[in-house]
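# Descriptive structure summary
Listed below, chain by chain, are the residues.
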Amino acid sequence: MKYKFNTGKELIELCKKHNKKIYEIMLLREVENSEKSENDIFDLMKENLYVMKKAVKKGLEEDIKSVSGLVGGDAKKLKNRYEKDKTVSGGKMLKAVASAMAVLEVNASMGQVVAAPTAGSCGILPGVLITIGEEFNIAEDDLINALFTASAIGLIISLNATVSGAEGGCQAETGTASAMAAAAVVEILGGSPQEALHAAAMTLKNILGLVCDPIAGLVECPCVKRNAIGTANALISADMALAGIKSIIPFDEVVDAMYRVGKSLPVALRETALGGLAATPTGRSIMNEIFTK
Amino acid sequence: MKNYSAFEIIGPKMIGPSSSHTAGAARLGRIAGKIANYDIKKVKFILHGSFSKTYKGHGTDRALMAGILGMRESDEELKNSLKIAEEKGIDFEFIEDDLGEVHPNTVKFHIEKSNGEEIQLIGSSIGGGNIKIIEINGLRLEFTGQYPTIITRHLDYPGIIAKITKILAYYKINIAFMSVYRQDKGQDAFMVIETDNKLEPKLIEYMKNSIEDIKNIYLINSI
């Protein structure tokens, strides 16, 4: 297999050897593995982009309530603020954050989304990419390419660690989504493959150890807000990498550290709804309320 | 090392809220449904770990049932599956239990078909909607449904594997991965063959009819 890679190091070597970007290597790898044509694969990814766009729009414009009633409507609140007021963290940032929250709210209402890499973290990549796409006038094809960049990062983490909250905590889910988004933004804005990996590494480092403690076990609270903060994390790390800031610990070693941290988290903090916020008096009383309804 | 497609990382397109607890559960259900030929009179879902703790909130129960009825994880009807199953007269039950040293998101299916035949299947949802089946009728094995897959239940004796693979060779089916499992020498054995080519039900019928020591063949072209 000419375009096979299991680690960040191998990916960078392939990029150098063939003088290609990460998204090109990922696309060629997919062609090689699936025996589908480049066009067919590209069109499949385009469908994912469209589902993402639809979910962002729905969450920002419609009145959403989750099945349990716990979340919904926060994306719209934030949209109101960045459209009307002078904000603390900036309009572009908040637009991406609100978009990410919108997708998570659609997900919690049993609406259609694209897992990226999971449903619990499905807001970050569309929130980041669709906003950057609009703000920087990025062509649709380039946004689709960016999804291939993102999937290369997710692939390496899936191969060497985990993207499951039940196995590695929230750091594995939203951490991976943010790393994917950060690398994609770097590449879309002209950064090198190495800079994209620095962005991914910094993003994961920033969120190392984050537990998965959803109230009542639902992908609602704190997931919507953790997608918000994951979006900010991705954007800041992308800017750091584009400014030439490097991750002192290489990407592959950060992935390994994330996995080891995840493995050492107690079961109560890995999507079982037995610890953390889920085990607070309020968390427990919400759970009782939902399950006796 | 497992090989993921870009569409396993960004994907599946699905109904929320959880890729492992909703989409993965629907996929596990669909494999169970396919193995039972969607002929289900009774089904018990034994839920382990995070599945047992949080299934109500994630709609894992609705997703498992939707899958067993043949729905895809992106089907908007998924949330109504329990009602649909009731209307079809399927007898179902969800039980919280401990299945031992398995992945936290694991389910055991006890299926009874209309002819009384029973099928037991254990599978795990390993993250991002990806799954693996780890046990069929008490026998440990492993496959992911990522490739067209044939599972044979046959009598363990010299030459049986050659008979099966010869038919695949004749139909120009390339074998990607193959594993053989058995309980005891000369007794029931299972073979899992994952291929690069789509498999026609006709081929499976031919295999079943021409090799009499094959007791059962299950075919899963894709999940």
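This write-up is about the structure you can find in this document. Keep in mind that what you see is a predicted model, and the values were worked out from it rather than measured.

The subject of this paragraph is the interface of chain A and chain B. Across the contact, 44 residues belong to chain A and 35 residues belong to chain B. Contributing elements (two or more residues each) for the side of chain A that touches chain B: α2 (22-34), α3 (38-61), α5 (91-108), β1 (112-114), α7 (140-160), α8 (165-168) and α13 (281-292) of chain A. Examining the composition of the side of chain A that touches chain B, we find that eight residues originate from one element, α7(A), more than from any other. For the side of chain A that touches chain B, the residue count by class is 24 nonpolar, 17 polar and three charged. Alignment of β1(A) against strand β1 (residues 13-15) of chain B, held across three bridges, turns out to be antiparallel. The residue bridging Val114(A) from the neighbouring strand is Lys13(B), located in β1(B).

Time to look at the sheet that holds strand β10 (residues 188-195) of chain B. Residues and elements named next belong to chain B. As summarised here, the arrangement of the four strands in space is β9-β10-β8-β11, forming an open sheet in which the pairing is antiparallel. Strands with a single pairing partner mark the edges of an open sheet, and in this sheet they are β9 (175-182) and β11 (214-220). Averaged over all adjacent pairs, the angle separating strand axes in this sheet is 15°, with direction ignored. Summarising the sheet, strand β8 (residues 149-155) and β10 pair through seven bridges and their orientation is antiparallel. Counted as the bridge partner of arginine 153 is phenylalanine 190 from β10.

Here we come to helix α12 (residues 251-264) of chain A. Residue and element names in this part refer to chain A. In a regular helix each residue adds 1.5 Å, so 14 residues correspond to 20 Å; α12 covers 20 Å between its end C-alpha atoms and thus fits that length. When we look at burial in α12, the residues that qualify are Phe251, Val254, Val255, Met258 and Gly262. Taken around the axis of α12, the buried residues stretch over an arc of 100°, which confines them to a single face. Facing away from the buried side of α12 by more than 90 degrees, the exposed set consists of Arg260 and Ser264. Buried residues in α12 make contact with α1 (8-18), α7, α8, α9 (170-188) and α10 (193-207).

Bringing the packing of helix α4 (residues 74-84) of chain A against α5(A) into the picture now. Residues and elements named next belong to chain A. Where α4 contacts α5, the axes come no closer than 8 Å and their chain directions differ by 165°. For the element pair α4 / α5, the angle class is roughly antiparallel. Crossing of α4 over α5 shows left-handed handedness. Contacts between α4 and α5 involve Asp74, Ala75, Leu78, Lys79, Arg81 and Tyr82 from the first element and Gly91, Leu94, Lys95, Val97, Ala98, Met101, Ala102 and Glu105 from the second. Here the residues of the contact of α4 with α5 are counted per class, giving eight nonpolar, one polar and five charged.

It is a general feature of regular strands that their side chains alternate between the two faces of the sheet. Residues and elements named next belong to chain B. Judged by how many residues are buried, β8 sits mostly within the fold: five of seven residues are covered. Where β8 lies against β11, six bridges are found, and the strand directions are antiparallel. Of the residues in β11, the one forming a bridge with isoleucine 151 is tyrosine 218.

This paragraph deals with the sheet that holds strand β2 (residues 42-48) of chain B. Residue and element names in this part refer to chain B. Ordered by their spatial adjacency, six strands build an open sheet running β3-β2-β4-β5-β6-β7, and the pairing between neighbours is mixed. The outermost strands of the open sheet, each flanked by one partner alone, are β3 (91-96) and β7 (139-143). Put simply, the sheet's adjacent strands are angled 20° from each other on average, direction ignored. In this structure, β2 lies alongside β3, joined through six bridges in parallel fashion. Bridge pairing links phenylalanine 45 to phenylalanine 94 in β3. The strands touched by helix α2 (residues 19-35) within the sheet are β4 (105-112), β5 (118-127) and β6 (130-136), with β5 carrying the most contacts at an inclination of about 150°.

Let's shift gears to the nonpolar core. Membership of the largest hydrophobic core comes to 155 residues, with the highest contact counts inside it found for Ala181(A), Ala183(A) and Ala200(A). Broken down by element, the residue count for this core peaks at twelve residues, all from α9(A). Counting contributing residues, this core receives three or more from each of domain 1 (6-137) and domain 2 (149-220) of chain B. Not counting chain neighbours up to four residues away, the residues in contact with Ala200(A) comprise Ile153(A), Ala179(A), Ala182(A), Ala183(A) and Phe251(A).

Criteria and cut-off values
- Residues numbered from 1 in each chain as written.
- Chains lettered and ligands numbered in written order.
- Predicted model: local features only at pLDDT ≥ 70, side-chain atom pairs only at ≥ 80, totals over all residues.
- Contact = placed C-beta atoms within 7 Å.
- Helix = DSSP H or I, 4+ residues; strand = E, 2+ residues; numbered from the N terminus.
- Nonpolar A, V, L, I, M, F, W, Y, C, P; charged D, E, K, R; others polar.
- Pairing = 2+ DSSP bridges.
- Axes fitted to C-alpha atoms, helices over the stretch in contact; angles between N-to-C directions.
- Expected span 1.5 Å × (residues − 1).
- Buried ≥ 20, exposed ≤ 12 C-beta atoms within 10 Å, placed from the backbone.
- Arc of directions from axis to C-beta.
- Parallel < 35°, antiparallel > 145°, perpendicular 65-115°, else oblique.
- Left-handed = near helix turned anticlockwise from the far one by under 90°.
- Core = buried A, V, L, I, M, F, W, Y, C linked by C-beta atoms within 7 Å.
- Domains from an automatic or database assignment.

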